[in-house]
Amino acid sequence: MSDVVALGKAGVAIRKANDAGRGALIGYLPAGFPSYDGGVDGIKALIDGGVDVVEIGLPYSDPVMDGVTIQRATEIALAGGLRTRDVLSTVEKVAAYSDVPLLVMTYWNPIERYGVDRFAADFAAAGGAGLITPDLIPDEGAEWIAAADKHELDKVFLVSPSSTDERIAMTTANCRGFVYATAVMGVTGARDKPSDLAAPLVARVKAATGLPVGVGLGISNGDQAAGVAAFADAAIVGAALVKALQDGGPAGVRKLTEGLAEGVRREPRATVER
């Protein structure tokens with residue numbers, strides 16, 4: 001298997017950043033917020049601001065992992081009539097705008113209802129790179145793993161500070177693209193400082209896999225992004241970008257993204273063993 005296939009589209013983009021001596025920046029915005037067109041424009045602003053990988057949220061009515069900021073945004077998207085097919089068309093529009101890898105972050109129920117292989121086929125045809133599945137564990141993900149492999153999509157599963165070494169090994173063995181390390185216990189949302197649990201978790205994950213490791217939950221500014229990029233392959237930002245879109249529109253998203261992108265490019269960056 002070639003390195004490109006093993007890494008997946010997101011992993012290749014992250015490694016390109018790492019090989020340039022910096023951390024990668026992964027930015028999240030939900031589709032359909034504050035409107036369908038506004039969501040597309042916000043995601044394009046992420047790209048214009050310098051993200052290496054985009055996460056597009058698929059709004060869901062029971063977002064158990066999301067904090068208040070993202071919950072409210074997804075509620076607005078759903079109230080506006082957004083459906084799974086609209087998320088796919090959002091991916092298609094953004095994919096036509098840029099070749100930055102596009103991942104969809106989604107709870108499992110909407111994919112199951114749409115049809116797993118059907119979704120994988122339609123998503124790949126739209127230009128999507130893969131899924132981040134926060135409530136799907138590899139033990140219960142055989143159908144998705146098969147569909148993702150069939151359509152050459154990234155499979156990004158999550159690990160947390162409470163994950164055992166055995167669980168980390170099993171989870172990372174089923175990932176393609178990167179491994180999503182949730183740096184805090186609890187729901188998403190910007191915080192004053194990233195968790196002290198982040199660096200030890202990344203070290204444990206790197207002992208189990210050669211895939212890139214991204215750290216998410218809590219990053220809200222360039223200083224925090226720089227701190228995470230010192231030990232992780234990628235910094236993942238969500239709630240702060242959603243708030244920037246809410247308060248300042250696409251221009252606000254671009255401004256914050258540029259600050260985050262500057263953060264992951266700061267020196268010094270620790271040499272990360274692979």
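Since we're looking at a predicted model, the values are computed, not measured.

Q: Help me out: how do you make sense of the overall build of the chain in this one?
A: When helices and strands are tallied, the chain shows 11 helices and 9 strands. Per-residue burial for the chain yields a buried fraction of 57% across its 274 residues. Of all intrachain contacts in the chain linking residues separated by at least 6 positions in sequence, the fraction that spans at least 24 positions is 74%.

Q: What is the right way to read the packing of aromatic side chains from this model?
A: Given two aromatic rings, their pairing is described by the distance between the two centres and the angle made by the two planes. For the coordinates displayed, the defined rule picks out 5 aromatic pairs. Plain terms: the ring middles of Tyr60 and Tyr107 are 5.6 Å apart, the flat faces sit at 35 degrees to each other, and that makes the pair tilted. Taken together, the residues Tyr60 in the loop between strand E2 (53-57) and helix H3 (68-79) and Tyr107 in the loop between strand E3 (102-105) and helix H5 (108-114) connect sequence positions 47 residues apart. Members of the aromatic cluster, joined through ring pairs, are Tyr114, Phe119 and Phe123. Residue placement shows Arg118 over the ring face of Tyr114; its charged tip is 3.9 Å from the ring centre.

Q: Looking at this structure, I do not really get the pattern of salt bridges. What am I missing?
A: Oppositely charged side chains are able to pair whenever their charged atoms sit close together. For the coordinates displayed, the defined rule picks out 12 salt bridges. In this structure, the salt-bridge partner of Arg167 is Asp139, at a minimum N-O distance of 2.7 Å. Of this pair, Arg167 sits in helix H8 (residues 165-173) while Asp139 is found in the loop between strand E4 (130-132) and helix H7 (142-150), placing the two residues 28 residues apart along the sequence. The shortest N-O distance in the salt bridge between Asp233 and Lys206 comes to 2.6 Å. Taken together, the residues span a long stretch of sequence, with Asp233 in the loop between helix H10 (222-229) and strand E9 (234-237) and Lys206 in helix H9 (residues 198-206) at a distance of 27 residues. Under the relative-accessibility criterion, Asp233 is labelled buried at 1%.

Q: Just checking my understanding: could you explain the confidence of the model for the chain for this structure?
A: It should be kept in mind that the predicted coordinates are not to be read in detail where pLDDT is low. For the chain, per-residue confidence averages 91 on the pLDDT scale, and 89% of positions sit at 70 or higher. Here residues 185-191 is modelled with pLDDT under 50, and outside its nearest four sequence neighbours on either side it reaches 24 contacts, counting other chains as well.

Q: Where do I start with the nonpolar core in this structure?
A: It is characteristic of soluble globular proteins that their nonpolar side chains tend to be buried jointly. Formed by 91 residues in total, the largest nonpolar core has its most connected members in Val54, Trp144, Phe178 and Tyr180. For this core, the element with the highest residue contribution is helix H11 (residues 239-264), accounting for 11 residues. In this structure, Phe178 is in contact with Ala10, Ile14, Ile26, Leu103, Ile132, Lys155, Val156, Pro212, Gly214 and Ile236, ignoring residues within four places of it in sequence.

Q: How should H7 be read in this particular structure?
A: For the α-helix, the turn length of 3.6 residues means that residues three or four positions removed from each other point alike. Buried within H7 we find Trp144, Ile145, Ala147 and Ala148. Buried positions in H7, seen along its axis, are confined to an arc of 165 degrees and lie on one side of it. Of the exposed residues in H7, those oriented more than 90 degrees away from the buried face are Ala142, Glu143 and Lys150. If you follow the buried residues of H7, they end up packed against H5, helix H6 (116-126), E4 and strand E5 (154-156). Of the residues one or two after H7, Glu152 is the one with positive phi, at around 55 degrees.

Q: Which parts of the structure should I look at to understand the sheet that holds strand E1 (residues 24-30)?
A: Strands pair in a sheet through their backbones, by hydrogen bonds, and they do so in one of two ways: parallel or antiparallel. Taken together, 9 strands build an open sheet; the order of strands is E5-E4-E3-E2-E1-E9-E8-E7-E6 and the sheet is parallel. Bordering the open sheet on either side are E5 and strand E6 (158-159), each of which pairs with just one other strand. Strand direction decides the pairing type here: E3 and E4, joined by 3 bridges, are parallel. Residue pairing across strands places Met105 opposite Ile132, the latter belonging to E4.

Q: Is there a simple way to think about the pairing of E3 in this case?
A: Every regular strand shows the same layout, with side chains that alternate between the two sheet faces. Of the two faces of E3, both are covered, the one formed by Leu102 and Val104 as well as the one formed by Leu103 and Met105. Pairing geometry for E2 and E3, over 4 bridges, is parallel. Pairing of Ile56 across the sheet is with Val104, part of E3.

Q: Can you walk me through H8 in this structure?
A: When H8 is considered as a whole, its buried residues turn out to be Ile168, Thr171 and Thr172. Along the axis of H8, the buried residues cluster in a sector spanning 90 degrees; they form a single face. Exposed positions of H8 whose direction lies more than 90 degrees from the buried face are Glu166 and Ala173. Where H8 is buried, its residues touch E6, strand E7 (179-182) and H9.

Q: Sorry if this is basic, but what is going on with unusual backbone geometry here?
A: Backbone phi values are negative for most residues with the exception of glycine, while trans is the configuration of most peptide bonds. With an omega of 0 degrees, the peptide bond between Phe33 and Pro34 qualifies as cis. Looking at the element boundaries, Pro34 is found in the loop between E1 and helix H2 (36-49). Its identity is not glycine, yet Glu152 carries a phi of approximately 55 degrees, on the positive side. As for its placement among the helices and strands, Glu152 is situated in the loop between H7 and E5.

Rules of the game
Residues numbered from 1 in each chain as written. Predicted model: local features only at pLDDT ≥ 70, side-chain atom pairs only at ≥ 80, totals over all residues. Heavy atoms only, no water. Helix = DSSP H or I, 4+ residues; strand = E, 2+ residues; numbered from the N terminus. Buried < 20%, exposed > 50% of the residue type's maximum accessible area, 1.4 Å probe, protein only. Contact = heavy atoms within 4.5 Å. Phe/Tyr/Trp six-rings, centres within 6.5 Å; stacked < 30°, edge-to-face > 60°. Lys NZ or Arg CZ within 6 Å of the ring centre and 35° of its normal. Salt bridge = Lys/Arg side-chain N within 4 Å of Asp/Glu carboxyl O. pLDDT = per-residue confidence, 0-100. Core = buried A, V, L, I, M, F, W, Y, C linked by side-chain atoms within 4.5 Å. Arc of directions from axis to C-beta. Pairing = 2+ DSSP bridges.

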